[in-house]
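# A look at the structure
Below are the chains, spelled out letter by letter.
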Amino acid sequence: MPPPEPQGVGDRLFPELGNPGYDVRAYDIAFDYSGDNTKPLDARTVIDADVTAEDGLSRFNLDFTAGKVRSVRVNGRPAKRQSVKEDLVVTPAAALRKGQRMRVEIRHTSPTDKAATSGWVRTEDGLAMANQADAAHRVFPSNDHPSDKAAFTFRVTAPKALTVVGGGQLKRKAHRSGGRTEWTYRLAHPMATELAQVSIGRSSVRRSEGPHGLPLRDVVPRKDRKALEPWLEKTPGQLAWLENRLGRYPFETYGLLMADASTGFELETQTLSLFEKELFTSGAVPDWYPESIMVHEAAHQWFGDSVTPVTWDDLWLNEGHATWYEWLYAAERGGPSLASRVRKAYMESDTWRRKFGPPGRLHAAEPGNKINIFRKSVYDGSAILLFALREKIGAQAFDRLQREWVTRHRDANASSDDFVSLVNEVSGEDLSAFLDDWLYAEKTPSMPGHPRWRSGGR
């Protein structure tokens, strides 16, 4: 047998991310938190997967780095393991055949250092997760690629003075010895690893209802609940606004996690979006701005969470649509008009394409800075692509396209090619070349209906 080496599923931007040969069905992940967010958590990850390799698996890879592995068992039997770069290579006691279900149990630690890349974010009173784009495997062993969505259960034990909230819904809360409590959360819909969320801290949980009785729960620092409550009250109206455009919200619950931490970003973790508390308390921006960012992350629940990219080259489908609805909402709440925002972005778009790559084919991330793929060309550049498409096919067809996209691909993965195919179907004409130029060309195409507009390099 050749020496073990890192593998991948062929993602252009992250060549060693994900692993071939199996399809994960479910994760059951347990964390034991001491109360000190500078110390690694003791953890156990159980992975149920189906073997898909034609010749079976005599060994397989998981994405996992940074944590210490204490033991690995496959189908109840001890297995050999070896770490190679950011992969954990597992050799089971007996080879696995195609179609066989395997259960992999890994006992490990989950470190909280290297805050920018670890997946765990240290807050003032605990921890939260931020796994995008490829940091989930710094938190738990996984097939850490968006193409392999799976069911998730989280079991977190923490001091009883702390509150634990995870994605999905609370299924059990049990008091343990030593003044500790175990919380169990389960998601009702499949999820990509990068969208997982667990919050541990001195938190207050505010419960309310959204459209058609949707359960909402927001998580905020206890000391800040009163100051943040006016912002939380906006969520039901924002979800109703999005549902009017996209159809029913795709998950079992939603809420905001306003963390007392400085991250430099907000994040659409599934059913519980992560925000920096300071976005709402600094007073440095007009109200329409944080409100539109709330809508951006809520829109991601449809675009990115429910309908998840096949590869990271398809990231524009997430960020372009979320930015589109952010801009529309801002325009209704006192922000810049949609046309002015699009035109301003259009003027800069050639510069972004040169510096970052076109929306559908970004330049690779800088070494040591994986989140560097989240650039202007994939946010604003993708939003002006959608504006161009609406100008080309008309508002009515565009609105129908949006609803059909999130309905047809709900709980699944979809690619840029899938989007182009649906555009052609809905519009009744072949717009493949039109969209290829907007997605992949070095220069920004001419804007339909606006012949006087000029991009930076034109």
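The following paragraphs examine the structure supplied in this document. Note that this is a predicted model, so its numbers are computed, not measured. (Residues numbered from 1 in each chain as written. Predicted model: local features only at pLDDT ≥ 70, side-chain atom pairs only at ≥ 80, totals over all residues. Heavy atoms only, no water.)

Residue placement: Trp 324 occurs in helix 5 (residues 315-332). Judged by its relative accessible area of 1%, Trp 324 falls in the buried class. C-alpha separation for the pair Trp 324 and Pro 2, spaced 322 residues apart in sequence, amounts to 49 Å. Not counting residues up to four positions away in its chain, the partners in contact with Trp 324 are Leu 338, Ala 383, Leu 386, Phe 387, Arg 390, Phe 398 and Gln 402. (Helix = DSSP H or I, 4+ residues; strand = E, 2+ residues; numbered from the N terminus. Buried < 20%, exposed > 50% of the residue type's maximum accessible area, 1.4 Å probe, protein only. Contact = heavy atoms within 4.5 Å.)

Turning next to the sheet that holds strand 11 (residues 151-159). Sheet strands associate in pairs through backbone hydrogen bonding, adopting either a parallel or an antiparallel arrangement. Read across the sheet, eight strands follow the order 5-4-8-2-1-11-14-13 without closing on themselves; strand pairing throughout is mixed. If you trace the sheet from one side to the other, it starts and ends with strand 5 (77-78) and strand 13 (169-176), each paired once. Here strand 13 pairs with strand 14 (residues 180-186) via seven bridges, running antiparallel. In the sheet register, Lys 173 faces strand 14, and the bridge partner there is Trp 183. (Pairing = 2+ DSSP bridges.)

Over the atoms a probe the size of a water molecule is rolled, and this reveals where empty space is left. Estimated volume of the largest pocket: approximately 1300 Å³. For the largest pocket, the lining is made up of 49 residues, of which Gly 264, Phe 265, Glu 266, Phe 374 and Tyr 379 are closest to its centre. (1 Å grid on protein atoms, 1.4 Å probe; cavity = no way out; pocket = protein on both sides within 12 Å on 5 of 7 lines; lining within 4 Å. Points joined across faces, edges and corners; volume = space filled by probe spheres on them.)

On to the nonpolar core, then. Ranked by size, the top nonpolar core spans 77 residues in total, and within it Leu 242, Trp 312, Tyr 325, Ile 373, Leu 389, Trp 405 and Phe 419 carry the most contacts. Once you skip the residues sitting within four places of it in the chain, Leu 242 turns out to touch Gly 247, Val 295, Ala 298, Ala 299, Trp 302 and Tyr 325. (Core = buried A, V, L, I, M, F, W, Y, C linked by side-chain atoms within 4.5 Å.)

Next up on the list: the sheet that holds strand 3 (residues 60-63). Reading across the sheet, the three strands line up as 3-7-6 and stay open at both edges, with antiparallel pairing between neighbours. Edge strands, defined here as strands with exactly one partner in the open sheet, are strand 3 and strand 6 (80-84). Along the sheet, successive strands turn relative to each other by an average axial angle of 25 degrees, direction set aside. Looking at chain direction, strand 3 and strand 7 (residues 87-91) are connected through four bridges and run antiparallel. Bridge pairing links Phe 60 to Val 90 in strand 7. (Axes fitted to C-alpha atoms, helices over the stretch in contact; angles between N-to-C directions.)

The next thing to look at is empty space enclosed by the protein. Evaluated as defined, the whole model comprises two cavities of 30 Å³ or more. In this structure, the largest cavity encloses a volume near 100 Å³. Forming the walls of the largest cavity are 16 residues, and the residues nearest its centre are Thr 123, Asp 125, Ser 199, Ser 203 and Ala 259. At the level of secondary structure, the elements contributing two or more residues to the lining of the largest cavity comprise strand 10 (126-129), strand 15 (198-201), strand 17 (215-221) and strand 18 (256-259).

Bringing the packing of helix 6 (residues 338-356) against helix 7 (residues 376-393) into the picture now. The N-to-C vectors of helix 6 and helix 7 enclose an angle of 125 degrees; their axes lie 8 Å apart at closest approach. In terms of their interaxial angle, helix 6 and helix 7 are classed as oblique. Considering only the axes of helix 6 and helix 7, their crossing is left-handed. Mapping the contact onto sequence places Leu 338, Val 342, Ala 345, Tyr 346, Ser 349, Trp 352 and Phe 356 in helix 6 and Lys 376, Ser 377, Asp 380, Gly 381, Ile 384, Phe 387 and Arg 390 in helix 7. Residues of the contact of helix 6 with helix 7, tallied by class, amount to eight nonpolar, three polar and three charged. (Parallel < 35°, antiparallel > 145°, perpendicular 65-115°, else oblique. Left-handed = near helix turned anticlockwise from the far one by under 90°. Nonpolar A, V, L, I, M, F, W, Y, C, P; charged D, E, K, R; others polar.)

Here the focus is the pattern of salt bridges. Scanning the entire structure with this criterion turns up 29 salt bridges. For Arg 155, the salt bridge goes to Asp 28, with nearest N and O atoms at 2.7 Å. A residue pair is termed long-range when its members are at least 10 positions apart, and Arg 155 in strand 11 and Asp 28 in strand 1 (residues 22-32) qualify at 127 residues. The shortest N-O distance in the salt bridge between Arg 206 and Asp 218 comes to 3.8 Å. In this pair, Arg 206 sits in strand 16 (residues 203-209) while Asp 218 sits in strand 17, placing the two residues twelve residues apart along the sequence. (Salt bridge = Lys/Arg side-chain N within 4 Å of Asp/Glu carboxyl O.)

Read these as geometric descriptors, not functional statements.
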